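Each chain is listed here by its residues.
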2 protein chains.
Amino acid sequence: MSVTRAAGFAATGVVAGLKSTGKSDVALVRNLGPSSAAAAVFTSNRAKANPILWSQAVIGDGVVSAIVLNSGGANCYTGSFGFQTSHLTAEAVGEALGISAGDVLVCSTGLIGVGGQDFRDKVLAGVASAAPALSEEGGHDAALAIMTTDSKPKEAVVEGDGWSIGGMAKGAGMLAPGLATMLVVITTDALLHSEQLDTALRAATHVTFDRLDSDGCMSTNDQVSLLASGASGVTPTMDDFTAALTALCADLAKQLQADAEGASHEIVIETINAASESDAVEVGRSVARNNLFKAAVFGNDPNWGRVLAAIGTTGAEFDPYDIDVTINGVRVCKSGEPDEPAENVDLTPRIAHVLIDLKVGAAEATILTNDLTHDYVHENSAYSS
Amino acid sequence: MSVTRAAGFAATGVVAGLKSTGKSDVALVRNLGPSSAAAAVFTSNRAKANPILWSQAVIGDGVVSAIVLNSGGANCYTGSFGFQTSHLTAEAVGEALGISAGDVLVCSTGLIGVGGQDFRDKVLAGVASAAPALSEEGGHDAALAIMTTDSKPKEAVVEGDGWSIGGMAKGAGMLAPGLATMLVVITTDALLHSEQLDTALRAATHVTFDRLDSDGCMSTNDQVSLLASGASGVTPTMDDFTAALTALCADLAKQLQADAEGASHEIVIETINAASESDAVEVGRSVARNNLFKAAVFGNDPNWGRVLAAIGTTGAEFDPYDIDVTINGVRVCKSGEPDEPAENVDLTPRIAHVLIDLKVGAAEATILTNDLTHDYVHENSAYSS
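Residues numbered from 1 in each chain as written. Chains lettered and ligands numbered in written order. Predicted model: local features only at pLDDT ≥ 70, side-chain atom pairs only at ≥ 80, totals over all residues.

**Regarding the relation of the copies chain B and chain A**
Mapping chain B onto chain A calls for a screw motion: a turn of 180 degrees about the axis and a shift of 0.0 Å along it, with 0.0 Å RMSD after fitting. Considering both components of the superposition, the chain copies are consistent with a two-fold axis. The rotation axis passes nearest to the C-alpha of B:His374 in chain B, at a distance of 2.7 Å. Mapped onto chain A, 98% of the interface residues of chain B are again interface residues, and the two copies thus contact each other with one and the same surface. (Least-squares fit on C-alpha atoms with pLDDT ≥ 70 in both. Contact = placed C-beta atoms within 7 Å.)

**Let's talk about the pairing of strand β14 (residues 351-357) of chain A**
For strand β10 (residues 266-274) of chain A and β14(A), the ladder comprises seven bridges, and the chain directions are parallel. By the bridge assignment, A:Ile269 is partnered in β14(A) with A:Val354. (Pairing = 2+ DSSP bridges. Helix = DSSP H or I, 4+ residues; strand = E, 2+ residues; numbered from the N terminus.)

**Describing the domain arrangement of chain A**
Residue and element names in this part refer to chain A. Structurally, chain A comprises domain 1 (2-258) and domain 2 (266-381). Facing the 10 residues of domain 1 at the interface are 13 residues of domain 2. Residue composition of the side of domain 1 that touches domain 2, grouped by class: three nonpolar, five polar and two charged. (Domains from an automatic or database assignment. Nonpolar A, V, L, I, M, F, W, Y, C, P; charged D, E, K, R; others polar.)

**Regarding helix α8 (residues 291-298) of chain B**
Residues and elements named next belong to chain B. Counting buried positions along α8 gives eight out of eight residues, so the element sits mostly inside the fold. Where α8 is concerned, the buried positions are Asn-291, Leu-292, Phe-293, Lys-294, Ala-295, Ala-296, Val-297 and Phe-298. Phi for Asn-300, located one or two positions after α8, is positive at around 55 degrees. (Buried ≥ 20, exposed ≤ 12 C-beta atoms within 10 Å, placed from the backbone.)

**Things to note about the nonpolar core**
If you look at the biggest cluster of nonpolar residues, it comprises 257 residues, and the most contacted ones within it are A:Leu28, A:Leu308, B:Leu28 and B:Leu308. Not counting residues within four places of it along the chain, the set of residues in contact with A:Leu308 comprises A:Ile323, A:Val325, A:Cys333, B:Ala47, B:Tyr77 and B:Ile112. (Core = buried A, V, L, I, M, F, W, Y, C linked by C-beta atoms within 7 Å.)

**Section: the interface of chain B and chain A**
Contacts between chain B and chain A engage 48 residues on the former and 47 residues on the latter. Elements supplying a minimum of two residues to the side of chain B that touches chain A: α8, α9 (304-311), β13 (337-338) and α10 (374-381) of chain B. A breakdown of the residues in the side of chain B that touches chain A according to their chemical character gives 22 nonpolar, 22 polar and four charged.

**Focus: the packing of helix α1 (residues 50-58) of chain A against helix α2 (residues 79-97) of chain A**
Residue and element names in this part refer to chain A. Running from amino to carboxyl end, α1 crosses α2 at an angle of 50 degrees, the nearest separation of the two axes being 8 Å. Taken together, the axes of α1 and α2 lie oblique to each other. Here α1 runs over α2; the crossing is right-handed. Across the interface between the two elements, Asn-50, Pro-51, Leu-53 and Trp-54 from α1 touch Gly-82, Phe-83, Thr-85, Ser-86, His-87 and Ala-90 from α2. Its residues placed into classes, the contact of α1 with α2 shows five nonpolar, five polar and no charged. (Axes fitted to C-alpha atoms, helices over the stretch in contact; angles between N-to-C directions. Parallel < 35°, antiparallel > 145°, perpendicular 65-115°, else oblique. Left-handed = near helix turned anticlockwise from the far one by under 90°.)

**What about the environment of A:Ala143?**
Residues and elements named next belong to chain A. Along the chain, Ala-143 falls in helix α4 (residues 139-145). Ala-143 sits 12 residues away from Glu-155 along the chain, and the two C-alpha atoms are 7.1 Å apart. Setting aside chain neighbours within four positions, we find Ala-143 in contact with Ser-2, Pro-153, Lys-154, Glu-155 and Met-168.

**Some remarks on the pairing of strand β2 (residues 26-31) of chain B**
Residue and element names in this part refer to chain B. Burial within β2 is extensive, with six of its six residues counted as buried. Here β2 shows no split at all, with Val-26, Leu-28 and Arg-30 on one side and Ala-27, Val-29 and Asn-31 on the other all buried. Judged from the five bridges that link them, β2 and strand β4 (residues 66-70) form a sheet pairing that is antiparallel. Within β4, the residue paired with Val-26 across the bridge is Asn-70.

**Focus on the sheet that holds strand β12 (residues 330-334) of chain B**
Residue and element names in this part refer to chain B. Strands sit in the order β13-β12-β11-β14-β10-β15 across an open sheet of six strands; the sheet is mixed. Where the open sheet ends on each side, the last strands, each with one partner, are β13 and β15 (363-370). Strand direction decides the pairing type here: strand β11 (residues 324-327) and strand β14 (residues 351-357), joined by four bridges, are antiparallel. Looking at β14, one finds that Ile-327 is bridged to Val-354.

So this is what it looks like as structure tokens:
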């Protein structure tokens, strides 16, 4: 049920003709209140899509009554016509639901450069058919409608004490969020104001979506939105709510990683004993973006030399000749020298765990990535054709 | 003839048994003088191989009498034993040639972590057989002996007025030098002191090897060495020498790009009208490291949206909605909106030219890269097995 698990929400997904497959491609989520508090984080890519530009304006007052999402076209780099399309989409939702267009977030996903007249016509028709189809059981339909190259919908629910959080996500490629990720909609019936939601959302995404780096390519359309209906009447403590929200985001992030385009391994890069958390993130991300290491994991080759070569390109604090690397439980490198034989490492499981011990401090961070495979190349060399 | 084109040099390449293929794997280049001036630039990776640590000490006084290079093992992350091996290798060369070990540069290439007793024994035996085989016709043999996954040797010669420069290079993967690249040895019979050589070498590599970024992965063993014999007795102007040296480095860099592992396209990313040269380099490098764009080029798909998404992740000065992108002569994006149809772009030629117009200044830079192909994944998932 995901986004309709929490009380006070209705959702749906409909076929608007944007996807050539004929599958559903416009999703709508309505906050029925009594509260309309909301928060959102957006891609830090300077090349922002039109729906991002629109939604950044909408979120300014912390009030959101509905969010509309389409797959089948990113409406990015489509000029002022594309921005008008995002605006018109919000207005269509506002008219259909009797709410202000200024309280409607808009998200789009698909190919950059797609957002012309045909796109606009189909999105607006999709809104017209989605509005009357809203249902308090419609969460799954909405999750299906935002899929692009995803092989399965991503949904998660976390239960609080008298309140709950539900969320849906899409994303399989261009998966390296800077401040947010893909399209994610999270709903809660907790009674919290927008500043509280914003604080909790930034804390949760910072250690979940922000640490997912599947292919090093940051999207133009990333958006994570959190809508609170207050329908439970319960105000949890910020600690409890942030912990639950973080667990939900981590669940969705793992689902995104597991379904990354063409991947055959989910690689968990854990950096420990770093001088700072940002050092640990920098080291993990450098390894996560090293094509040679990612190709080696695809080949079930525990090539720790490529891990050290990637670490060496960072500015993090460490002694390059006093680092340990452990792959799936086997310490293959100790203090920068070969340790246990690489042949002892079993990389046939889908989960590959890389533990990097920098030995200079007490901070740590984990980055999630995927391997570089033939299927990744195939899927991304044929995507727009 | 490459490194033996200039007067005053002898070279050779011999089989030392480091390569399982039985091909030659130890190269030796001797400067016969009368001058022994030299300069070198090294990888900026903090994870530096033992031969780099040795050679950085050797180059301190600007005097080099010989350089010995091996393929079949990087001698990186092999601890103090590995450093002693580099030292012993230089001593063996010194003894065999009657020169100081402190004037012998050492270079290694191959797998990280390879550099144990067997490696040491074979390298030292290789030196013993190489020394008596030195020949003023031996440049090509030396170029063959430094190859790893290279499909062909890389050699170049530039003629000055009464002097000449020759060079050889190896490198096909882990090809993203930060301050140097791969293994490159350049010789000249021009009469220049080491400070002049250093200035010219840094100027030349800055705009050639430094702008080659095939796969975003910086090596631990990169070294470019320039040895001057002074045998021509001619001292060219610094402008003339730097121009010739830059032309030679550009020639070798193009050969490296053309032979990059698994590549099916050589991608030339030209960024113009940038606010600064460093902005142009940052923009070009970001596109060069975007796996989605590189996979699209492999699929002959002129996916300009991925170009703009990559540019948007940089800190360069530009208006994200006023950028033009031209691919192989077809302007597919004008001021951040679709322009000519992408179908008009022919990406079947091996050379792909991407022109990015930032429209904010007068600076420019060109980055060389390759596409992301099935063969790249195949070669790098199987390399160490």
